[in-house]
Amino acid sequence: DDQLEIVFTDDGVGMNETTLGRVFDPFFTTKFGQGGSGLGMHIVYNLATQALHGRVSCDSTVGVGTHFRLVLPRVTPGKVVDPEDVRE
């Protein structure tokens, strides 16, 4: 009741176990030398787990597709803002 779940699933080519095991690693890319930095999923992981205090996971099967699951608290812990301090 106090969490929000976002699921993204595709029916694309999927990932093998080696790629899946590194999907959240910084600078990991399957497109080395083709313009990809390999930071996209690492940024997603850091935002989900550190900034939003949630969890992100990925399952994938070659030839079947990929499934991402993001679970976030409905209210992220943090500084309570006094409405008097908010400027319009």
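The model shown is predicted, which means the values in this text are computed figures rather than measured ones.

Q: I'm lost on the side chain of His42 in this one. Help?
A: Position of His42 relative to the elements: it lies in helix 2 (residues 40-51). Dropping the residues within four chain positions of it, His42 is found in contact with Phe24, Asp25 and Pro26.

Q: Is there a simple way to think about the confidence of the model for the protein in this case?
A: Caution applies to low-pLDDT regions: their predicted coordinates should not be interpreted in detail. Of the residues in the protein, 89% have a pLDDT of 70 or more, and the chain-wide mean is 88. When the elements of the protein are averaged for pLDDT, helix 2 gives the smallest value, 93, and strand 2 (residues 55-61) the largest, 97.

Q: Please clarify how the sheet that holds strand 2 should be interpreted in this entry.
A: Sheet strands pair via backbone hydrogen bonds, and the direction of the pair is either parallel or antiparallel. Taking strand neighbours across the sheet as the criterion, the 3 strands line up as 1-3-2 in an open arrangement whose pairing is antiparallel. Edge positions in the sheet fall to strand 1 (3-10) and strand 2, since each has one partner strand and no second. Between one strand and the next, the sheet's axes are offset by a mean angle of 10°, whatever the strand orientation. Examined bridge by bridge, strand 2 and strand 3 (residues 65-73) share 7 bridges and lie antiparallel to one another. Note on strand 3: the bridge partner recorded for Thr61 is Gly65.

Q: Quick question: what am I supposed to make of the packing of aromatic side chains here?
A: Aromatic ring pairs: the centre-centre distance and the angle between the two ring planes describe each pair. By the definition in use, this model includes 1 aromatic pair. With a centroid separation of 5.5 Å and 40° between ring planes, the pair formed by Phe24 and Tyr45 is classed as tilted. A residue pair is termed long-range when its members are at least 10 positions apart, and Phe24 in the loop between helix 1 (17-22) and helix 2 and Tyr45 in helix 2 qualify at 21 residues.

Q: How should the pattern of salt bridges be read in this particular structure?
A: Side chains carrying opposite charge are able to pair once their charged atoms draw close together. Throughout the structure, instances matching the rule amount to 2 salt bridges. For Arg69, the salt bridge is made with Glu5, and the minimal N-O distance between the two is 2.4 Å. Of this pair, Arg69 sits in strand 3 while Glu5 is found in strand 1, placing the two residues 64 residues apart along the sequence. On the accessibility criterion, Arg69 (34% relative accessible area) is partly exposed. Of the residues examined, Glu5 reaches a relative accessible area of 45% and is grouped as partly exposed.

Conventions adopted
- Residues numbered from 1 in each chain as written.
- Predicted model: local features only at pLDDT ≥ 70, side-chain atom pairs only at ≥ 80, totals over all residues.
- Heavy atoms only, no water.
- Helix = DSSP H or I, 4+ residues; strand = E, 2+ residues; numbered from the N terminus.
- Contact = heavy atoms within 4.5 Å.
- pLDDT = per-residue confidence, 0-100.
- Pairing = 2+ DSSP bridges.
- Axes fitted to C-alpha atoms, helices over the stretch in contact; angles between N-to-C directions.
- Phe/Tyr/Trp six-rings, centres within 6.5 Å; stacked < 30°, edge-to-face > 60°.
- Salt bridge = Lys/Arg side-chain N within 4 Å of Asp/Glu carboxyl O.
- Buried < 20%, exposed > 50% of the residue type's maximum accessible area, 1.4 Å probe, protein only.

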